Structure formats: C-alpha cells, structure tokens
Amino acid sequence: MNPLINMMAKQAVGNTPQGKMLQQFAQFRQQMQGKDANAMIQQMLSSGQINQQQLAQAQEMANQMRGLFKP
C-alpha cells in the first residue's frame with residue numbers, strides 16, 4: 001500500500017467525511033492490488049450486478065475525482 005495514503009488516512013480525523021473517505025480509499029486500494037479491474041467490471045455487467053448506465057455514471061464520477069488524486 002502507498003505509505004503516503006496510509007499516513008494521510010491515519011492523520012485524518014476518523015469522524016470527518018474526508019477522513020472516512022481516505023480510510024475507505026486506502027482499504028479499497030489494498031483490496032484491489034493485483035486484480036484486473038476491467039475483468040471485474042465485465043463480470044459485474046454480464047451478471048447483471050450493474051448496468052451500462054450505472055457504469056457510465058461511475059466512470060463520470062471517477063473522471064471528476066481524477067484531479068484529486070494526481071499531483
């Protein structure tokens with residue numbers, strides 16, 4: 001796991017929305033390490049767990065947040 005993200009999550013106050021978001025992102029990042037995200041998305045689409053509209057909404061949100069995580 002990225003030590004910077006880990007440090008930021010620990011320093012963040014646990015009860016703030018930002019602190020919780022950082023902690024959740026750190027957990028998500030650790031869980032996804034070594035996994036093929038595209039394959040997981042395709043499996044979710046084919047199983048009906050998500051639909052194309054939900055995927056498009058998630059992609060739009062990810063694009064909006066991209067600036068927060070890049071230097």
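Before reading further, recall that the structure is shown in the block above.
Only a predicted model underlies this, so the values are computations on that prediction, with no experimental measurement involved.

## Details of the overall build of the chain
Moving on, step 1. Scanning the chain for helices and strands turns up four helices and zero strands.
Moving on, step 2. Helices and strands in the chain line up, N terminus first, as α-α-α-α.
Moving on, step 3. Among the 71 residues that make up the chain, the fraction classed as buried is 11%.
Moving on, step 4. If you sum the accessible surface of the chain, you get close to 6000 Å²; carbon and sulfur atoms cover 54% of it.

## Here we look at a nonpolar patch on the surface
Moving on, step 1. A cluster of nonpolar residues, Met21, Met65 and Leu68, forms a patch on the protein surface that exposes about 290 Å² of accessible area.
Moving on, step 2. As for its placement among the helices and strands, leucine 68 is situated in helix H4 (residues 52–69).
Moving on, step 3. Using a relative accessible area of 63% as the deciding quantity, one classes leucine 68 as exposed.

## Remarks on the layout of surface pockets
Moving on, step 1. Its volume calculated, the largest pocket comes out at about 780 Å³.
Moving on, step 2. Contributing to the lining of the largest pocket are 20 residues, with Phe28, Ile41, Ala58, Gln59 and Ala62 lying nearest its centre.
Moving on, step 3. Mapped by element, the contributors of at least two residues to the lining of the largest pocket are helix H2 (17–32), helix H3 (37–47) and H4.
Moving on, step 4. For the lining of the largest pocket, the element with the most residues is H4, which contributes nine residues.
Moving on, step 5. Its residues assigned to classes, the lining of the largest pocket shows 15 nonpolar, three polar and two charged.

## Describing H2
Moving on, step 1. Counted at 1.5 Å a residue, the expected span for H2 with its 16 residues is 22 Å, and the 22 Å between its end C-alpha atoms agrees.
Moving on, step 2. Where H2 is concerned, the buried positions are Gly19, Leu22, Ala26 and Met32. In a view along the axis of H2, the buried residues occupy a sector of 165°, so they form one face of it. When the buried face of H2 is taken as reference, the exposed residues oriented beyond 90 degrees from it are Pro17, Gln24 and Gln31.

## Some details on the environment of phenylalanine 25
Moving on, step 1. Counting through the fold element by element, phenylalanine 25 comes out in helix H2.
Moving on, step 2. By relative accessible area, which is 23% here, phenylalanine 25 ends up partly exposed.
Moving on, step 3. Linking phenylalanine 25 and isoleucine 5, residues 20 residues apart in sequence, is a C-alpha distance of 8.5 Å.

Cut-offs applied
Residues numbered from 1 in each chain as written. Predicted model: local features only at pLDDT ≥ 70, side-chain atom pairs only at ≥ 80, totals over all residues. Heavy atoms only, no water. Helix = DSSP H or I, 4+ residues; strand = E, 2+ residues; numbered from the N terminus. Buried < 20%, exposed > 50% of the residue type's maximum accessible area, 1.4 Å probe, protein only. Areas by Shrake-Rupley, 256 points an atom, 1.4 Å probe, with all protein chains shown as cover. Patch = residues over 30% accessible without salt bridge, like charges linked within 9 Å, V, L, I, M, F, W, Y side chains within 5 Å. Salt bridge = Lys/Arg side-chain N within 4 Å of Asp/Glu carboxyl O. 1 Å grid on protein atoms, 1.4 Å probe; cavity = no way out; pocket = protein on both sides within 12 Å on 5 of 7 lines; lining within 4 Å. Points joined across faces, edges and corners; volume = space filled by probe spheres on them. Nonpolar A, V, L, I, M, F, W, Y, C, P; charged D, E, K, R; others polar. Expected span 1.5 Å × (residues − 1). Arc of directions from axis to C-beta.

Honestly, it's all geometry; don't read function into it.
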